[in-house]
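Structural features, examined
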Amino acid sequence: MFRCNPRRSRGVFATHRRRSISVKKPEYKPYRLPAGGWGSARSVGNIIRREGVLGSVPLALSRHNKVDGYQCNSCAWVKPANPLPFEYCENGVKAVAWELTANRCTPEFFAKHTVSELREWDEYQLEQPGRLTHPLRYDAASDKYVPVSWGHAMDEIAREMRAVEDRKKGTVFYSSGRLSNEGSYLYQLFARAYGNNNLPDSSNMCHETTSVALPISIGQGVGTIDLGDFAKTECIMFFGQNPGSNSPRMLHPLQEASRRGVPIITYNPLRERGLERFVNPQSPTEMLTGKETRISSQYHQVRTGGDLAALAGICKAVLTLHDEAKASGGSVLDEAFIAEHTAGFESFADWVRAQDWDELERRSGLFRADMEATAQVYSQARATIGIYGMGLTQHQAGVETIQMLVNLLLMRGNIGREGAGICPVRGHSNVQGQRTMGVTEKPELFPLDRLGEQFGFEPPRERGYDTVDTCEAVLRGDVRAFIMLGGNFVRAIPDHGQMEPAWRKIRLTVNIITKLNRSALLPGEISYILPVISRLEIDETQAGQQVLSMEDTSGCIHGNRGLRTPASPHLISEVRLICELAQRVLDPNPRMRWDAYMSDYAEIRREIGGTLPDIFWDYERRMWEPGGFQRPLPAKKREWHTDTGRAKFVTPKALDEDLDMPAPGRDVLRLMTLRSNDQFNTTVYGYDDRFRGIKNTRKAVLMNRSDIDRLGLKVGQAVTLRTVADDGVDRHLSGMLVVAYDIPIGCIGGYYPECNVLMPVWHYAAGSRTPAAKSIPVTVHSDGPEILEPQLEYAEG
C-alpha cells in the first residue's frame, strides 16, 4: 500500500553534516534604513545562497501567489486578482527557500546524533539539516530515531489509537496553518468519526480572540474587508500589528494609500520600521533613487496592555466632537446607521462618557491629545479600515479590546461600507481555512448534523480540547496519543518548563513535519516522525497530479498547484497520510471513501460542497478564479447574524488591562513576546533582527533606558527574567542581554518562542483562552558583568 511513486525523482540524498555555526558576538546598531529596499534584497539573496537553491527558487517564485500557481506557505495576506510580476515578499522568499532547500535530513543523520544531543541544538540549528526524507521511529534503547517502513508506522500508530480507552480525553488531533482545505476537512472528519472534538490548531494561539469577539459584535468570526477596500478607504488605523516582518506584501496597498494622502494612524508599543518608512523592492526607480514612502501619519506608542484604554479614549473624544457638532446642528456619528443597524449604543455611550481622562492616560500610557488627534482625523474620514494583529488578541482583556475597536468603527458606520471595515491580519497561510473546514474544538461552529447525515455517523457534541485544554490534560496525564499534523506544538505553547517533562510521559506522539523541530525531540513512549511533501511540490496519484486549496485572511479561497519534484521519493502527501491512517483506525463505513479521497482530491471537494453548500458550490471551477472566490461575509452586506439581528455595541466591564499584572509595583514589568525579522512563527531563519538592529543573538531583552537606570542595570548586561505569579512555580529565563530601546516605560520585549517559558498555561485571554503573550508580568535581575559595549543603545535612525 505504500509503494513509492515510480514517477518521482530517485536522486541521492546526501547526509547533512552539521555546519559549524559560530555565533558571533552580539551587536546592536540602530537600523536607519526603511523597510524593503536593499536590505530586503540582500536578505533574500543570503537565504537563497545558504539553502543552495540559487538555480531553482527564481523559477518557483514566478508561480508564487499566481493563478494556477501555489499559495505562499508563509503568511495569509490577500492574494490579488491582478498579481504583481513578483507577487512575493522577503519573508515569502525565505519560506520558499527554507522549504525547497537542497539539504536533506536522512536516516544517516539520525544515526550520528542521539535525541538527547539534538535537544541541545537551538531552533535554527535543528532545521539546518534540511528536509526529512524517510519515516522514522524513536528507539529508546539507543536514544535515536531509526528508519521504518510506512506500513509498519501506520499499523503501530493505528493499534495505539484504537487502544486508547477514553477517546474523548485521551487522543488529540492538532494541526498547524500549513494544512490545506482538503486535508483539514478529512482531518476533522477522522477526529469526529474517531469520537472527539479535540482539534486544537494554531488559531488557538493567535486569533481565537477574534473568533470569539467578532461573532458577538458583528455576527461573523472573520474580517469584513477585501483588497479592493484599500483602494477606496479614507483612513487606516493600526493596532498591534507589524506588517514589515509579519505580512510584508501588505506594505504595497499601504504605500498606495499613503501616496493618495490617506492618513494611517498606528498604535503600537514599538516603533516598527515597516509602519514608518518603505522602499518598494519591486520598483527599480525607488531602489535606484532610495525614494521612501512615509507609512504612518500618526504613531502612538501605547503601553502594552493599554489598547483598551486608548480605544476608549478615542471613542470618548469622538463623542465629544459629536456633542459639539450637535450643538450647531451637525453630527459626527452615523446616527441613521446606529438606529437601523445596531443595539446597545446608549449604554455604551454612557460608559464612555463616564471614563476619566486621567485614568485613560495612565492606563494607555498616552496623552489625551494623542487620542483626540486620532478622533479628529477619524471623524473627518468617510470610510475607515481598522487593522489589528496579535498585539490585541494576546491579552487577558483581548476580547473586549477587539470589541472596543468594533465599537469605534460602528460609531461612524464603518462596517458594511466600501473602503471600510474590520481587518484582523491572520498569521499562518491557511489557519482561517482550517476553521472553515471544521478544525475546531467548538462543535457549534460546524454543521455536525449535516456532517453526520452525509457520512452516516453520530458526531460527538461535547466541546473538545483547545490548546490550553490540551496543555492542562497533558499535565494531568490524561493524553495518551497526540497527533501533530504540522507545526512545532511543544515549542509554540506556554510554560515550557512544565510542559516538556510532561510531554515525555505521553504514550504515543506522532510528528507529521517536513523538517526536524523540537517537538520531535520530546518523544513519548512511542514516537514517530512522518515526513510529508509540501504544497510547493507535485502531488501525484493514480488519477494524475492533484491540486489543493487555501483561504486567505480576507476569506477568499484559492487553488494551489505544486511545481517541484518532492524532496524524497519516500514522502507522501498529508491527504494520503490521513486517509491511510483513518482506514486503519476507524471501523469500515462505506460513506467515508478514503481510497477515493486519496486518489482524486476533487472527491474531497465534492464532500466539502455537500457539508458547506452555501460556500463551496462549484468549488472546482471557482477556486481558480483570479483573486479566488470569497466566502459569504454577511456583515459586509450589513446582515447581522447576532442574537439581536443587529451589530452590537459591547460595553466593557472595566478597563481590565490590569488583569495582566498581579499587583502594582515599580519592579514588575510587562513582557511582550515578539517575532524577529528573521523568523516565521517557530521557524528561525537566522540570528539577526535587521529592523531592530540586533545581530547574532535572540537572547535580547528590549528595555526603556529609564527602566534600565531605575533597576540599576547596564546596557549589554546579562539578566534573568522571572515571572511574577503566585502558583509556586519558578519560571525564569537567564542570559538575556539588555538592549536600550524605544519602548514605553514599564514594558519590555523578548523573542518568541524562547520567552514562552515565562508564560503560565493559565495566563490567557478571558473568553478565548488565547495565551496572553503580549503582557507577561516579570521582574529583571542582574546575572553578572556586561558583555556588550555600553554605547550600543537605542538611537533614532
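Owing to the predicted nature of the structure, the values given are computational and were not obtained by experimental measurement. (Residues numbered from 1 in each chain as written. Predicted model: local features only at pLDDT ≥ 70, side-chain atom pairs only at ≥ 80, totals over all residues. Heavy atoms only, no water.)

Turning next to the sheet that holds strand β2 (residues 35-36). In space, the three strands of this open sheet follow the order β2-β10-β11, with mixed pairing throughout. Across the chains shown, the open sheet's two edge strands, defined by having one partner strand only, are β2 and β11 (293-294). As judged from the two bridges shared by strand β10 (residues 277-279) and β11, these two strands associate in the antiparallel manner. Each bridged residue has a counterpart across the sheet, and for Arg277 the counterpart in β11 is Arg294. (Pairing = 2+ DSSP bridges. Helix = DSSP H or I, 4+ residues; strand = E, 2+ residues; numbered from the N terminus.)

This next bit is on the nonpolar core. Burial of nonpolar side chains together is a common tendency in soluble globular proteins. Residues Met161, Tyr185, Leu186, Phe190, Leu530, Trp594 and Phe616 are the most contacted members of the largest nonpolar core, which totals 61 residues. Every residue in contact with Trp594, bar those within four places of it in the chain, is listed here: Leu186, Leu189, Phe190, Cys579, Ala582, Gln583 and Leu586. (Core = buried A, V, L, I, M, F, W, Y, C linked by side-chain atoms within 4.5 Å. Buried < 20%, exposed > 50% of the residue type's maximum accessible area, 1.4 Å probe, protein only. Contact = heavy atoms within 4.5 Å.)

A separate point is the pattern of salt bridges. For the structure on display, the rule yields 60 salt bridges. A salt bridge links Glu286 to Arg259, with the shortest nitrogen-to-oxygen separation between them at 2.5 Å. A residue pair is termed long-range when its members are at least 10 positions apart, and Glu286 in helix α14 (residues 284-289) and Arg259 in helix α13 (residues 251-259) qualify at 27 residues. Residues joined by salt bridges that share partners form a network here, namely Asp201, Glu208, Arg435, Glu441 and Lys442. (Salt bridge = Lys/Arg side-chain N within 4 Å of Asp/Glu carboxyl O.)

In this section: helix α17 (residues 345-354). Buried within α17 we find Phe345, Phe348, Ala349, Trp351 and Val352. Summarising the axial view, the buried residues of α17 lie within an arc of 160 degrees, below the 170-degree limit, and thus occupy one face. Facing away from the buried surface of α17 by more than 90 degrees, the exposed residues are Glu346 and Ala354. For α17, the secondary structure elements touched by its buried residues are α15 (307-327), α16 (335-341), β13 (342-343) and α21 (398-411). (Arc of directions from axis to C-beta.)

For the rest of this paragraph, the subject is the packing of α15 against α21. Two elements in contact, α15 and α21, have axes separated by 9 Å at closest approach and are oriented at 20 degrees. Comparing their axes, α21 and α15 come out roughly parallel. In terms of crossing hand, the pair formed by α15 and α21 is left-handed. Touching Asp307, Leu308, Leu311, Ala312, Ile314, Cys315, Val318 and Leu319 of α15 are Glu400, Thr401, Met404, Leu405, Leu408 and Met411, all from α21. Partitioning the contact of α15 with α21 into residue classes produces eleven nonpolar, one polar and two charged. (Axes fitted to C-alpha atoms, helices over the stretch in contact; angles between N-to-C directions. Parallel < 35°, antiparallel > 145°, perpendicular 65-115°, else oblique. Left-handed = near helix turned anticlockwise from the far one by under 90°. Nonpolar A, V, L, I, M, F, W, Y, C, P; charged D, E, K, R; others polar.)

The subject of this paragraph is a positive patch on the surface. Residues Lys24, Lys29, Arg32 and Lys695 make up a contiguous surface patch of positive charge. Mapped onto the elements, Lys695 comes out in strand β28 (residues 694-695). (Patch = residues over 30% accessible without salt bridge, like charges linked within 9 Å, V, L, I, M, F, W, Y side chains within 5 Å. Areas by Shrake-Rupley, 256 points an atom, 1.4 Å probe, with all protein chains shown as cover. Lys, Arg positive; Asp, Glu negative; His and termini not counted. Charge placed at Lys NZ, Arg CZ, Asp CG, Glu CD.)

The next subject is the packing of helix α18 (residues 357-364) against helix α19 (residues 368-380). Running from N to C, α18 and α19 point in directions that differ by 95 degrees, and their axes come no closer than 9 Å. Accordingly, the angle class assigned to the pair α18 and α19 is roughly perpendicular. Between α18 and α19, the residues in contact are Trp357, Leu360, Glu361 and Ser364 and Arg368, Met371 and Glu372, respectively.

The strands making up a sheet associate through backbone hydrogen bonding, with each pair oriented either parallel or antiparallel. Overall, antiparallel pairing links the three strands, which are arranged β21-β22-β23 in an open sheet. Strands with a single pairing partner mark the edges of an open sheet, and in this sheet they are β21 (548-551) and β23 (629-630). The pairing of strand β22 (residues 556-560) with β23 spans two bridges and is classified as antiparallel. Paired with Cys556 across the strands is Gln630, a residue of β23. Against the sheet, helix α9 (residues 181-194) makes contact with β21 and β22, and its axis sits at roughly 90 degrees relative to β21, the strand it touches most.

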